[in-house]
Amino acid sequence: MKSNNMDAFLESIGVAMRVRMDLSLYDGDYDCACGKKHHYGPHINLLCQGKWRVVMECPENPDYLTCVKIKMFMMVKFKGFESLSGYHIQNEEERQLLRGTFNSLR
């Protein structure tokens, strides 16, 4: 996984929408854009979802965002998380732009 520019990061999500998936049963680690591994749990803020993808906010620094694929077997068995892309928010203008984008999703 690598950090992309903002446009490439948003493109990696696919068709973004509000988080509707219940991920409470999923348990695993993912590689965060901050460079560390984090364990997914209720403390992780999900900003949006795509098709079997979610954008997770780093639990240590919310300026790092990671697009994570949810790997499944036969659409019923959870096989883990795969980090696809990451982005580090550079300034307040980008922070407001991304927050506005995620908050406006249906």
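Structure first, text after, so check above.
Residues numbered from 1 in each chain as written. Predicted model: local features only at pLDDT ≥ 70, side-chain atom pairs only at ≥ 80, totals over all residues. Heavy atoms only, no water.

S.K.: Explain the pairing of strand 4 (residues 53–57) to me, using residue names and the numbers behind them.
M.R.: A large share of strand 4 lies buried, amounting to 4 of its 5 residues. When strand 3 (residues 46–50) meets strand 4, the two strands line up antiparallel, connected through 4 bridges. Bridge assignment links Cys48 to a residue of strand 4, and that residue is Val55. With 5 bridges joining them, strand 4 and strand 5 (residues 64–73) adopt antiparallel strand pairing. (Buried < 20%, exposed > 50% of the residue type's maximum accessible area, 1.4 Å probe, protein only. Helix = DSSP H or I, 4+ residues; strand = E, 2+ residues; numbered from the N terminus. Pairing = 2+ DSSP bridges.)

S.K.: Could you give an account of the environment of Leu25, naming the residues involved and the relevant values?
M.R.: Tracing the backbone through its elements, the reader meets Leu25 in the loop between helix 1 (6–13) and strand 1 (29–31). Judged by its relative accessible area of 75%, Leu25 is exposed. Taking the C-alpha atoms as reference points, Leu25 and Phe78, 53 residues apart in sequence, are found 8.9 Å from one another.

S.K.: Requested: an account of the nonpolar core, with residues and values cited.
M.R.: Nonpolar side chains in soluble globular proteins generally cluster together in the buried interior. Counting residues in hydrophobic clusters, the biggest one holds 15 residues, and the most contacted among them are Met56, Ile70 and Phe81. The contact partners of Ile70, leaving out residues within four places of it in the chain, are Met21, Leu23, Tyr26, Trp52, Val54, Phe78, Gly80 and Phe81. (Core = buried A, V, L, I, M, F, W, Y, C linked by side-chain atoms within 4.5 Å. Contact = heavy atoms within 4.5 Å.)

S.K.: Outline the sheet that holds strand 6 (residues 77–88), listing residues and values.
M.R.: Sheet architecture is open: 4 strands sit in the order 3-4-5-6, paired in antiparallel fashion. The outermost strands of the open sheet, each flanked by one partner alone, are strand 3 and strand 6. Sheet twist, expressed as the mean angle between neighbouring strand axes with direction ignored, is 25 degrees. Taken together, the 10 bridges between strand 5 and strand 6 define a ladder with antiparallel strand orientation. Bridge pairing links Phe73 to Lys77 in strand 6. (Axes fitted to C-alpha atoms, helices over the stretch in contact; angles between N-to-C directions.)

S.K.: Account for the state of the cysteines, naming residues and giving values.
M.R.: All told, the structure shown has 0 disulfides when counted by the stated rule. Unpaired in terms of disulfides, Cys32 finds its nearest cysteine sulfur in Cys34, a separation of 3.7 Å. On the basis of relative accessibility, which here comes to 3%, the residue Cys32 falls in the buried class. The partly exposed category is assigned to Cys34, whose relative accessible area is 24%. (Disulfide = S-S within 2.5 Å.)

S.K.: Any chance you could break down the environment of Gln96 for me, citing the residues and the numbers?
M.R.: Relative to the helices and strands, Gln96 is located in helix 2 (residues 92–103). Overall, the relative accessible area of 49% leaves Gln96 in the partly exposed class. Counting along the chain gives 87 residues from Gln96 to Phe9, while the straight-line C-alpha distance between them is 16 Å.

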